[in-house]
Amino acid sequence: MINRQKGWAALSASVLTTVTILAGCSSEPAPSGGAQTGTGSTSGSPVELGSKPLEFTFYGHYDWYTMPPWGEDAATKWIKENKKVTVKPVNSGGAAKQKLNTMIASNELPDVIWTDRGSDVEKLREAGMLVAYDEYIEKYPNLKKWLGPEGLNMLRSPDGKIYQFPNWYTNQPNGNAGYVVNKKIYKELGSPKLETTDDLYAYLKMVKEKYPNVVPYEPHLAKDGQGLDVLYSAFAENHPNSFVGNRAVPNGDKLTSIFTDPVFREATQYTSKLFREKLITQDALTQTVDQITEKVVNGNVAVFAGASPTDIGLKAHTALSAKDPEAGYFVIWPIHKPGLDKNKIFPGNYTQLGWNVSLITKAAKDPEAIFAFLDWYTGPEGQRVQMWGPPGTYWDGLEADGMTPKFTEKYSSDTEGLSKLQSVTINMMWNGNTVYIDSTKAKYENTLPVEKRNWATRWQSEITWKTQANATEFINLKPLPDSPEGISEQTINDIFLEARAKALYAKSDEEVLAILDKAEKDAQAAGYAKLLEYKTQKWQENLKKMKGGK
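Conventions used here
Residues numbered from 1 in each chain as written. Predicted model: local features only at pLDDT ≥ 70, side-chain atom pairs only at ≥ 80, totals over all residues. Heavy atoms only, no water. Helix = DSSP H or I, 4+ residues; strand = E, 2+ residues; numbered from the N terminus. Rg over C-alpha atoms; globule rule 2.2 N^0.38 Å. Buried < 20%, exposed > 50% of the residue type's maximum accessible area, 1.4 Å probe, protein only. Contact = heavy atoms within 4.5 Å. Areas by Shrake-Rupley, 256 points an atom, 1.4 Å probe, with all protein chains shown as cover. Lys, Arg positive; Asp, Glu negative; His and termini not counted. Charge placed at Lys NZ, Arg CZ, Asp CG, Glu CD. Salt bridge = Lys/Arg side-chain N within 4 Å of Asp/Glu carboxyl O. Phe/Tyr/Trp six-rings, centres within 6.5 Å; stacked < 30°, edge-to-face > 60°. Lys NZ or Arg CZ within 6 Å of the ring centre and 35° of its normal. Axes fitted to C-alpha atoms, helices over the stretch in contact; angles between N-to-C directions. Parallel < 35°, antiparallel > 145°, perpendicular 65-115°, else oblique. Left-handed = near helix turned anticlockwise from the far one by under 90°. Pairing = 2+ DSSP bridges. pLDDT = per-residue confidence, 0-100. 1 Å grid on protein atoms, 1.4 Å probe; cavity = no way out; pocket = protein on both sides within 12 Å on 5 of 7 lines; lining within 4 Å. Points joined across faces, edges and corners; volume = space filled by probe spheres on them. Core = buried A, V, L, I, M, F, W, Y, C linked by side-chain atoms within 4.5 Å. Domains from an automatic or database assignment. Buried area = accessible area lost by both parts, 1.4 Å probe. Polar contact = N/O pair within 3.5 Å; in protein donor to acceptor, adjacent residues only side chain to side chain.

Identification of the chain as Extracellular solute-binding protein family 1 from Paenibacillus mucilaginosus is taken from an unreviewed UniProt entry.

Participant: I keep staring at the overall build of the chain and nothing clicks. Help me out?
Facilitator: Of the regular secondary structure elements, the chain holds 21 helices and 15 strands. Against the 2.2 N^0.38 benchmark of 24 Å for 550 residues, the chain shows a C-alpha radius of gyration of 24 Å, consistent with a compact globule. Expressed along its principal axes, the backbone C-alpha trace of the chain runs to roughly 70 × 60 × 40 Å. Per-residue burial for the chain yields a buried fraction of 57% across its 550 residues. Counting only contacts in the chain whose residues sit at least 6 apart along the sequence, the fraction spanning at least 24 positions is 80%. Surface summary for the chain: the accessible area is close to 22700 Å², and the carbon and sulfur share equals 51%. Each charge class in the chain can be summarised by its mean position, and for the 63 positive and 66 negative side chains these summaries are 1 Å apart.

Participant: Looking at this structure, I do not really get the pattern of salt bridges. What am I missing?
Facilitator: If the charged atoms of two oppositely charged side chains come close together, the side chains can form a pair. In the structure shown here, the tally under the stated rule is 25 salt bridges. Taking the shortest distance from any N to any O, the salt bridge between R125 and E126 comes out at 3.9 Å. Overall, E126 belongs to the exposed group, its relative accessible area being 60%. Between K144 and E138 there is a salt bridge whose closest N-O contact spans 2.9 Å. One salt-bridge network, in which partners are shared between bridges, spans E122, R125, E126 and D159.

Participant: What exactly am I supposed to notice about the packing of aromatic side chains here?
Facilitator: Aromatic ring pairs: the centre-centre distance and the angle between the two ring planes describe each pair. Applying the stated rule across the entire model yields 35 aromatic pairs. Ring centres of F165 and F371 lie 5.4 Å apart, and the angle between their planes is 55 degrees; on these two criteria the pair is classed as tilted. Pair noted here: F165 is in strand 4 (residues 165-166) and F371 is in helix 13 (residues 367-378), with a separation of 206 residues, a long-range link. A relative accessible area of 0% places F165 in the buried class. Where F235 meets Y270, the ring centres are 5.2 Å apart and the plane angle is 65 degrees; that geometry is what we call edge-to-face. Taken together, the residues F235 in the loop between helix 8 (226-232) and helix 9 (242-246) and Y270 in helix 10 (residues 262-276) connect sequence positions 35 residues apart. Residues F235 and Y270 agree in their burial class; the two are buried. Among the aromatic side chains, those forming a connected cluster through ring pairs are F56, F58, Y62, W64, Y65, W70, W114, W355, F373, W376, Y377 and W430. Over the face of the ring belonging to F496 we find R247, whose NZ or CZ atom lies 3.9 Å from the ring centre.

Participant: What exactly am I supposed to notice about the packing of helix 10 against helix 20 (residues 509-525) here?
Facilitator: Packed helices, taken two at a time, are described by the angle between their axes plus the distance between the axes. Between helix 10 and helix 20, the shortest axis-to-axis distance is 9 Å and the interhelical angle comes to 130 degrees. Taken together, helix 10 and helix 20 sit at an angle that is classed as oblique. In this structure, the crossing between helix 10 and helix 20 has a hand that is right-handed. Residue-level contacts link F264, R265, T268, Q269, S272 and R276 of helix 10 to D509, V512, L513, L516 and D517 of helix 20.

Participant: Can you help me understand the pairing of strand 5 (residues 178-182) in this one?
Facilitator: A regular strand places its side chains so that they alternate between the two faces of the sheet. Counting buried residues in strand 5 gives five out of five residues, a clear majority hidden from the surface. As judged from the four bridges shared by strand 5 and strand 9 (residues 301-306), these two strands associate in the antiparallel manner. Counted as the bridge partner of G178 is G306 from strand 9. Pairing analysis gives four bridges linking strand 5 to strand 10 (residues 329-332), with the strands arranged antiparallel.

Participant: I tried to follow the pairing of strand 3 (residues 112-116) on my own but got confused; where do I start?
Facilitator: Of all five residues that make up strand 3, five are buried, and the element is covered over most of its length. Pairing of strand 1 (residues 54-60) with strand 3 involves three bridges; the strand directions are parallel. Note on strand 3: the bridge partner recorded for Y59 is I113. As paired elements, strand 3 and strand 12 (residues 356-360) share five bridges and run antiparallel to each other. Looking across to strand 12, one finds that D116 is bridged to N356.

Participant: So what exactly am I meant to see when it comes to the confidence of the model for the chain here?
Facilitator: Reading fine detail from the predicted coordinates is not recommended where pLDDT is low. Taken over all residues, the pLDDT of the chain has a mean of 89, while the share at 70 or more is 92%. When the criterion is pLDDT under 50, residues 1-41 qualifies, and its contacts beyond four places in sequence or with other chains add up to 136 contacts.

Participant: Quick question: what am I supposed to make of empty space enclosed by the protein here?
Facilitator: A water-sized probe rolled over the atoms picks out the places where empty space is left. Across all of its chains, the model carries four cavities of 30 Å³ or more by this definition. Considered as a void within the structure, the largest cavity measures approximately 120 Å³ in volume. In terms of lining residues, the largest cavity is bounded by L228, D229, Y232, F264, A267, T268, T271, S272, R500, A503 and L504. Elements with a minimum of two residues in the lining of the largest cavity: helix 8, helix 10 and helix 19 (484-504). It is helix 10 that contributes the most residues to the lining of the largest cavity, five residues altogether.

Participant: Help me out: how do you make sense of the nonpolar core in this one?
Facilitator: Grouped burial of nonpolar side chains is what soluble globular proteins tend to show. Core analysis: the biggest nonpolar cluster contains 80 residues, and Y179, Y203 and F259 have the highest contact counts within it. Setting aside anything within four residues of it in sequence, one finds Y203 in contact with V181, N182, I185, Y186, L189, P192, L194 and V303. L49, W114, M387 and W430 belong to the second largest nonpolar core, which has 63 residues in total.

Participant: Even after reading the chapter, I still don't get the domain arrangement of the chain, so can you show me in this structure?
Facilitator: How big an interface is tends to be stated in terms of the accessible area lost upon association of its parts. Along its sequence, the chain is carved into domain 1 (54-169 + 355-450) and domain 2 (178-346 + 477-549). The distance between the C-alpha centroids of domain 1 and domain 2 comes to 32 Å. In this complex, domain 1 contributes six residues to the contact, which on the side of domain 2 involves six residues. Across the interface of domain 1 and domain 2, roughly 590 Å² is buried in total on both sides, 59% from carbon and sulfur atoms. For the pair domain 1 and domain 2, the number of links is two residue pairs in polar contact (both at pLDDT 80 or more). In terms of residue count, helix 5 (residues 142-154) provides more of the side of domain 1 that touches domain 2 than any other element does, three residues in total.

Participant: In this structure, what is going on with the sheet that holds strand 10? I would like to understand it.
Facilitator: Two pairing modes exist for strands in a sheet, parallel and antiparallel, and in both the strands are linked by backbone hydrogen bonds. Taken in spatial order, the four strands line up as 6-9-5-10 in an open sheet, and their pairing is mixed. Looking along the sheet, the strands with just one partner apiece sit at the ends: strand 6 (215-219) and strand 10. For this sheet the average axis-to-axis angle between neighbouring strands, irrespective of direction, equals 25 degrees. Sheet analysis places strand 6 next to strand 9, joined by four bridges and oriented parallel. Bridge pairing in strand 9 links Y217 to V303.

See below:
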């Protein structure tokens, strides 16, 4: 991925819930056709892109998403000219829920819907609105090759078929969760050992004493748990922060309460202690991303942690090191409780299925041609063009393996131009191939001297990719929002968020435990046991799917 993990949004009843990151609207063409014309036939030879024009409509189902104009950037212009593909946007206008409802009610679906995995995909499937991909997957090579059988099995719907083309999928670790440390402060304090929770506590106390205007520990988006959940992983082996996000912790073959989890209880006591002693920023639960960014970029943070601290870390390191070569940030191996194996500590996680999916609807006149394009788009050539532009500028020709681009001098010298290109194409990375992009990027960066390597790529390859857990087995555990379990889940989430905030402000370790005990009691009264039974069933179904069962 491009040095960041994508935001995730769960689906809600009938249409997807929105992610309010950006706002955008634009005029849009009418979507093509009704929901009944696509057939999914795979008779004959594979579709050869470029042999004839292909045009289809594309709807990104998010309030914040507005598709950039197709053909106006160098990458999609090359695709339009060389592959004869034109993609016409159908934008949400900032009201995704209403937009999709209107299209469904009027039987005027777009050809492709780009959306989150979840229950509403199944509702569209059950209504007979989606095209199955199974025969296409056998006919076109890239998705099958790069995702692999285990990932494909996880995409299967209850009828045993596949209707979803994943985005940023992977079969190898990726991600950025962990800890970023201020290099100058660390050196001035004597470069002490910074490996265990005891080391971290001692270091943060030193920072507070020597640098009164510096935040010792800055948790990224603490109100969402990010910089706090990273610390959860330090207190047990093989305990990624996804357990906190799921509000469910594996114990044997069952998922159990987060409130009674000994690891969560100990980690919550630790973070509360840091907060009480003012080693964590005191506005952790209220500050904005801009406020966090300003502190990190100005060098006023000693340790910065979160689900993807390399995003802001890269920006901050670049700004600080440009003024002073001794300044900047570096990434450390994840913190662990004394006595634990540091190689079994996972502050973050990844899933094989990645972020969201593309659905081809039965409105499409030629669904096979659209799938052929998506499969090409996710393959090496499509990914090269999207990520680094058409051949001749930032890359020219291929290495001996026939897949890896030969990067030109301009790749390193014109970082501003490449960044400008990618700032557009990232919004058209609808089926990003994480393994190809990450491997290619890292392979090239490793040929450069350390001082010339991309900061984020270096730390990804050296630390963060090695310390993310595979959480594929825990995806799709959410119940339907309007089901009894779904209603319970919302209440339990509210209980959790309130308890975590109260625990952070607790005056003692004993008070932390009392808060968590009350939260457990309230959650059980709200149906937590039934919710955990539901999630356990879904988890066990996932494990069966991953082994090839249905």
